[in-house]
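# Overview (structure and organization)
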Amino acid sequence: MRLLTIGAFARAAGLTVKALRIYADTGLLRPAAVDPESGYRYYRPEQLELARLVARLRHGGMPLRRVRQVCVHWPDDPVAVAGEIARWWSATQAETAAREQLVTSLVAELQTRGATMTDRPASSDRPAGFDLRSAARTDIGRVRTSNEDRAYAGRRLLAVADGAAGPGGSEASAAVIKALAQLDTAPSDAAGTALADAYRAADDAIREMGAGTGASPVSTVTALLQVGDGFELVHVGDTRAYRWRGGELTRLTRDDSYVQALVDAGRLDPALALAHRRRALLTQALDGTGTAKPAYATHRLVAYDRYLLCSDGVWAVVPDDDLVAAVGAGLDPAETVRAVIDLAYRAGAPDNVACLVADVVP
């Protein structure tokens, strides 16, 4: 049997002798023979294909531990090898995008802080230094016969509403979005009671819808309004808002639901919340009675942050890890919305789906 010396094998494979010794010691690429007296190593020509695969993976930046996982399938299952490589590269791209967002966000934050300390105007009505690049979409899902979800991505307003299934649900969510959308054309420095006034107008619209019909239309809502260099948030029900910053997806809203109340009281393990038979039972929503107490909050805008608003047709069926991967994959807002809705469909899409993604850009 013809053997290649370690030097000849290294040159043919595109590896160094030192690397071959490391791979031999770790069991990744063992020599075919070792001289008992000199310790010199020899390799079979048939081992070159594996060695070249290892060389290409290492040159591509794959960690040695991951290379070992890939090569477990070699040469019997090249499709499995390709799948392992694709999964590693997808994760690498997501990590790179997260690092890019972290660094750019940090740079922008420090630059903004520097401007505040030096030449930033003192006036509170200065023009905002940020724009929103956004996309929104709703989908009926695989099971429902009507779509009660609504989403709005405007110049300054981002909103998602979910009408209760049944008579008036679709009209209720549409009325909520219509009332809030008027804020999109209001003066950019409008603050104070503008969002609260629009919320009350939405509740009034639902009351008028139900008057004299015997129906009880209900809707949830989660909305963000850009005011200057910040977001004002209003929320009631179980639609949600998340913020992607520095590689982490943070939930900004608390569900107004029976199950969330059990979790908050320590009576239910959060890991079991999605499987609870009363998961969809709301404790409050927009119902035209004026009794709901929406949550209000403010959030400072930071360049290159990303916001995700969605209905329970997304978060109740898409695993957190998959949602994080989709939001942090570096796709633009429209592509991200499509990716999230695709994930909901892979999970069966038993409910209507609403998804909105917005990037903060300087």
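Preceding this section is the structure that the text describes.
First things first, this report covers the structure right here in the doc. Treat the numbers as computed from the prediction; the structure is a model and nothing was measured. (Residues numbered from 1 in each chain as written. Predicted model: local features only at pLDDT ≥ 70, side-chain atom pairs only at ≥ 80, totals over all residues. Heavy atoms only, no water.)

## Topic: the overall build of the protein
Heads up, the rule is: Strands here mean DSSP runs of E at least two residues long; helices mean DSSP runs of H or I at least four residues long; both are numbered from the N terminus. Each residue gets one of three labels from its accessible area relative to the maximum for its type: buried under 20%, exposed over 50%, partly exposed in between, using a 1.4 Å probe on protein chains only. Any two residues whose heavy atoms approach within 4.5 Å at even a single point are treated as in contact. Here the Shrake-Rupley method, with its probe set to 1.4 Å, supplies the accessible areas, and only the displayed protein chains count as covering residues.
Looking only at helices and strands, the protein has 11 helices and 13 strands in total. Put simply, the protein has 362 residues, and 44% of those count as buried. Residue pairs in contact within the protein that sit at least 24 positions apart in sequence constitute 65% of those at least 6 positions apart. Of the accessible surface of the protein, which amounts to about 18,400 Å², a share of 52% is contributed by carbon and sulfur atoms.

## As for the environment of Phe130
One can find Phe130 in the loop between α5 (78-117) and β4 (131-139). On the basis of relative accessibility, which here comes to 12%, the residue Phe130 falls in the buried class. Put simply, Phe130 and Asp229 are 99 residues apart on the chain and 6.8 Å apart in space, counted from C-alpha to C-alpha. Filtering out sequence-adjacent residues up to four positions away, Phe130 remains in contact with Gln226, Asp229, Leu301, Val302, Ala303, Val360, Val361 and Pro362.

## Thoughts on the side chain of Ser173
This is how the line gets drawn: Whenever a nitrogen or oxygen atom comes within 3.5 Å of another N or O atom, the pair is scored as a polar contact, on the condition that within protein one atom can donate a hydrogen and the other can accept it, and that pairs from neighbouring residues in sequence are kept only if both atoms are in side chains.
Within the secondary structure layout, Ser173 lies in helix α6 (residues 169-181). In this structure Ser173 comes out as buried when scored by relative accessible area, which is 0%. At a separation of 2.7 Å, a polar atom in the side chain of Ser173 contacts the main-chain carbonyl oxygen of Glu148. Within the structure, the side chain of Ser173 is placed 3.0 Å from the backbone oxygen of Ser170, a separation counted as a polar contact. Those residues in contact with Ser173, other than ones at most four positions away along the chain, are Glu148, Asp149, Arg150, Ala161, Asp162, Gly163 and Ser219.

## Focus: the pattern of salt bridges
The line we're drawing: Here a salt bridge means any side-chain nitrogen of Lys or Arg lying within 4 Å of a carboxyl oxygen belonging to Asp or Glu.
Taken as a whole, this structure holds 14 salt bridges when the rule is applied. Note that Asp25 and Arg41 form a salt bridge whose closest N and O atoms lie 3.9 Å from each other. Here the residue Asp25 occupies a position in helix α2 (residues 17-25), and Arg41 occupies one in strand β3 (residues 41-43), the gap between them amounting to 16 residues. Take Asp25: its relative accessible area is 60%, and that puts it in the exposed class. Linking Asp255 and Arg251 is a salt bridge whose minimum nitrogen-to-oxygen distance equals 3.5 Å. Note on Arg251: relative accessible area 32%, which makes it partly exposed. Residues joined by salt bridges that share partners form a network here, namely Arg240, Arg251 and Asp255.

## Section: the packing of α6 against helix α7 (residues 194-210)
Put simply, the test is: Orientation is described by axes fitted as lines to C-alpha atoms, over the contacting stretch for helices, and by angles from 0 to 180 degrees between their N-to-C directions. Left-handed describes a crossing whose near helix is turned anticlockwise from the far helix through less than a right angle; right-handed describes the clockwise counterpart.
Following both chains from N to C, one finds α6 and α7 inclined at 150 degrees, their axes separated by 8 Å at the closest point. Here α6 and α7 pass one another in a crossing that is right-handed. Taken together, the residues of α7 that come into contact with α6 (itself represented by Glu171, Ala172, Ala175, Val176, Ala179 and Leu180) are Leu195, Ala198, Tyr199, Ala201, Ala202, Ala205, Ile206 and Met209.

## Regarding the packing of aromatic side chains
In plain terms, the rule: The aromatic pairing rule takes the rings of Phe, Tyr and Trp, using the six-membered ring of Trp, and pairs them if the centres are within 6.5 Å, calling planes under 30 degrees apart stacked, those over 60 edge-to-face and the rest tilted.
Across all of its chains, the model carries 4 aromatic pairs by this definition. Residues Trp88 and Trp89 carry aromatic rings whose centres are separated by 5.7 Å and whose planes lie at 50 degrees to one another, so their mutual orientation is tilted. A relative accessible area of 43% means that Trp89 is categorised as partly exposed. Here Phe231 and Tyr307 contribute two aromatic rings whose centre-to-centre distance is 4.9 Å and whose plane-to-plane angle is 85 degrees, an arrangement assigned as edge-to-face. Of this pair, Phe231 sits in strand β8 (residues 230-236) while Tyr307 is found in strand β12 (residues 306-310), placing the two residues 76 residues apart along the sequence.

## Some points on the nonpolar core
Spelled out, the test is: Residues enter a nonpolar core if they are buried and are Ala, Val, Leu, Ile, Met, Phe, Trp, Tyr or Cys, with the set joined through side-chain atoms within 4.5 Å.
Phe9 and Leu20 are the most contacted members of the largest nonpolar core, which has 26 residues in total. If you list the elements that add at least two residues to this core, you get α1 (6-13), α2, α3 (48-59), α4 (64-71) and α5. With 7 residues, α3 is the largest single contributor of residues to this core. Apart from residues no more than four positions distant in its own chain, Phe9 is found in contact with Leu4, Leu20, Leu29, Tyr43, Arg44, Gln47, Leu48 and Ala51. Listed in part, the 23 residues of the second largest apolar core include Leu157, Ala159, Ala161 and Ala202.

## Description of the sheet that holds strand β10 (residues 248-251)
Basically, it comes down to this: Should DSSP find at least two bridges between two strands, the strands are regarded as paired.
What the 5 strands build is an open sheet, ordered β4-β13-β12-β9-β10; its pairing is antiparallel. Lying at the two open borders of the sheet, with one neighbouring strand each, are β4 and β10. Shown here is a sheet whose adjacent strand axes are inclined to one another by a mean of 20 degrees, direction ignored. Here 4 bridges tie strand β9 (residues 240-245) to β10, and the two strands are oriented antiparallel to one another. Following the sheet pairing, Tyr242 is matched in β10 by Arg251. Helix-sheet contacts for helix α11 (residues 333-346) involve β4, β12 and β13 (353-361), and the interaxial angle to β4 is about 30 degrees.

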